Amino acid sequence: MAIYDIAALKVKINNPGKRTEKQAVPYLAEDQSENQPIDILIDVNRQRVVDSMTEHPEMGYDDWEYMHSGSDFYTNLIKFNGILLHSSCVVVDGFAYAFSADPGVGKSTHTQLWLKHFGNRAHILNDDKPAIRLINGKIYACGTPWSGKYDYSTPEIVPLAGICFIERSETNHIKKADTTKAVYNIFSQTVRRLGSQTMEMLFDVLEEIFGKVPIWEMGCNISDEAVLTSYNAMNPEK
């Protein structure tokens, strides 16, 4: 077991699998004392993993434990004014930009173009599952050990400049998202199997996010122009 600093929370993970343990190394807390307060305890029962392997044997023990430990973290995160947002989140000049889309649309491809365009000014915060959290009245994007298939993540907490839902298009265009559509998009890209009380807390967090962070929708192709179209609209300093 070990204690980690994730999204400004103290997280204790009991008996992590090899993948979880490896990914969480950059998040290890300096203070590993047993008597300190813990915000989130993750203790994935072995039988739960075995049951998942029985149903889906194409994935091994470590991958299933990694998925379940991440699910437990993001479910508990809601109690701390935070949500999972399936997205690729890139940081440029101290601001985070989260790009979300249905699988296969190309959110990671888009953020890789940002890395290419901005060079050492940019890095990936989390390529698939950043935590979005309200802290002291502001919305931040937070790196976590749980990310996409390439395991790109950075243990940082960065002000969130905007959330953008992207679709493929031959031309590049961006606009502020329709509120009803944006609610549906965010809800479809976060944890949803929740009890009624936790669901109420989730909607409270979403309301805070909508009130404090611009939400965009964009049609884009795979080009440098797509980067400039999104950056020029979303950059809070422009």
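Residues numbered from 1 in each chain as written. Predicted model: local features only at pLDDT ≥ 70, side-chain atom pairs only at ≥ 80, totals over all residues. Heavy atoms only, no water.

Description of the overall build of the protein
Note the cut-off: Runs of H or I in DSSP of at least four residues are treated as helices and runs of E of at least two as strands, each being numbered from the N terminus. A radius of gyration in this sense is built from C-alpha atoms; the matching globule rule multiplies 2.2 Å by the number of residues raised to 0.38. Under the scheme applied here, a residue whose accessible area is under 20% of the maximum for its type counts as buried, over 50% as exposed, and between as partly exposed, the area being computed with a 1.4 Å probe on protein chains only. Surface accessibility in these figures is a Shrake-Rupley result with a 1.4 Å probe; residues are shielded only by whichever protein chains are displayed. Charge assignment in this entry is limited to Lys and Arg as positive and Asp and Glu as negative, and neither His nor the chain termini are counted. Here the site of a charge means NZ on Lys, CZ on Arg, CG on Asp, or CD on Glu.
The number of helices and strands found in the protein is 7 helices and 12 strands. A compact globule built from 238 residues should have a C-alpha radius of gyration of about 18 Å, and the protein, at 18 Å, falls within 12% of that. With respect to the three principal axes, the spread of C-alpha positions in the protein is 50 × 40 × 40 Å. Here the protein holds 238 residues, and the buried ones make up 49% of them. Of the roughly 11900 Å² of accessible surface on the protein, a fraction of 49% belongs to carbon and sulfur atoms. In the protein, the 23 positive side-chain charges and the 31 negative ones have mean positions that sit 2 Å from each other.

Some thoughts on the pattern of salt bridges
Keep this limit in mind: The rule for a salt bridge is simple: a side-chain nitrogen of Lys or Arg has to be within 4 Å of a carboxyl oxygen of Asp or Glu.
Counted according to the given criterion, the structure contains 10 salt bridges. Asp5 serves as the salt-bridge partner of Lys10, at 2.7 Å between the closest nitrogen and oxygen. The residue Glu167 makes a salt bridge to Lys181 at a minimum N-O spacing of 3.9 Å. In this pair, Glu167 is assigned in strand β10 (residues 157–168) and Lys181 in helix α5 (residues 179–188), connecting sequence segments 14 residues apart. The class of Glu167 is partly exposed, set by a relative accessible area of 48%. On the basis of relative accessibility, which here comes to 34%, the residue Lys181 falls in the partly exposed class.

What to know about the pairing of strand β7 (residues 122–126)
Across a regular strand the side chains alternate sides, sitting on one face of the sheet and then on the other. Worth spelling out the cut-off: Here, a strand pair is defined by DSSP locating no fewer than two bridges between the strands.
Most of β7 sits inside the fold, with 4 of its 5 residues counted as buried. Across 4 bridges, strand β5 (residues 88–92) lies against β7 in antiparallel orientation. Looking at β7, one finds that Cys89 is bridged to Asn126.

Some details on the side chain of Glu217
Note the cut-off: Whether two residues are in contact is decided by their heavy atoms: any pair within 4.5 Å suffices.
With respect to the helices and strands, the residue Glu217 is situated in strand β12 (residues 215–220). Given a relative accessible area of 16%, Glu217 falls into the buried group. In this structure Glu217 touches Cys164, Phe165, His173, Ile174, Lys175, Lys176, Ala177, Asp178 and Lys181, once residues within four positions along its chain are discounted.

Section: the pairing of strand β1 (residues 2–6)
Within β1, 4 of the 5 residues are buried, which leaves the element mostly enclosed by the surrounding structure. In the sheet, β1 pairs with strand β2 (residues 9–13) via 5 bridges, with the strands oriented antiparallel. Paired with Ile6 across the strands is Leu9, a residue of β2. Between the antiparallel neighbours β1 and β2 lie 2 residues, among them Ala7 with a positive phi of about 55°.

Quick look at the packing of α5 against helix α6 (residues 196–212)
Which entries qualify depends on this criterion: In this analysis an axis means a line fitted to C-alpha atoms, helices contributing only their contacting stretch, and an angle means the value between N-to-C directions, from 0 to 180 degrees. Every angle not falling under 35 degrees, over 145, or within 65 to 115 is termed oblique; those three ranges are roughly parallel, roughly antiparallel and roughly perpendicular. Left-handed is the label given to a crossing in which the near helix is rotated counterclockwise from the far helix by less than a right angle, and right-handed is the label when the rotation is clockwise.
Contact geometry of α5 with α6 gives a least axis separation of 12 Å together with a crossing angle of 130°. The orientation of α5 with respect to α6, classified from their angle, is oblique. You can see that α5 and α6 cross each other, and the crossing is right-handed. Listed contacts from α6 to Thr179, Ala182, Val183, Ile186 and Phe187 of α5 are Met199, Leu202, Phe203, Leu206 and Phe210.

Quick word on the sheet that holds β2
The 3 strands are arranged β1-β2-β3 in an open sheet whose pairing can be described as mixed. Of all strands in the sheet, those bounded by a partner on one side alone are β1 and β3 (40–42). Neighbouring strand axes in the sheet, compared pairwise and without regard to direction, differ in orientation by 25° on average. Across the sheet, helix α3 (residues 61–77) lies against β1, β2 and β3, angled at about 160° from β3, the strand it touches most.

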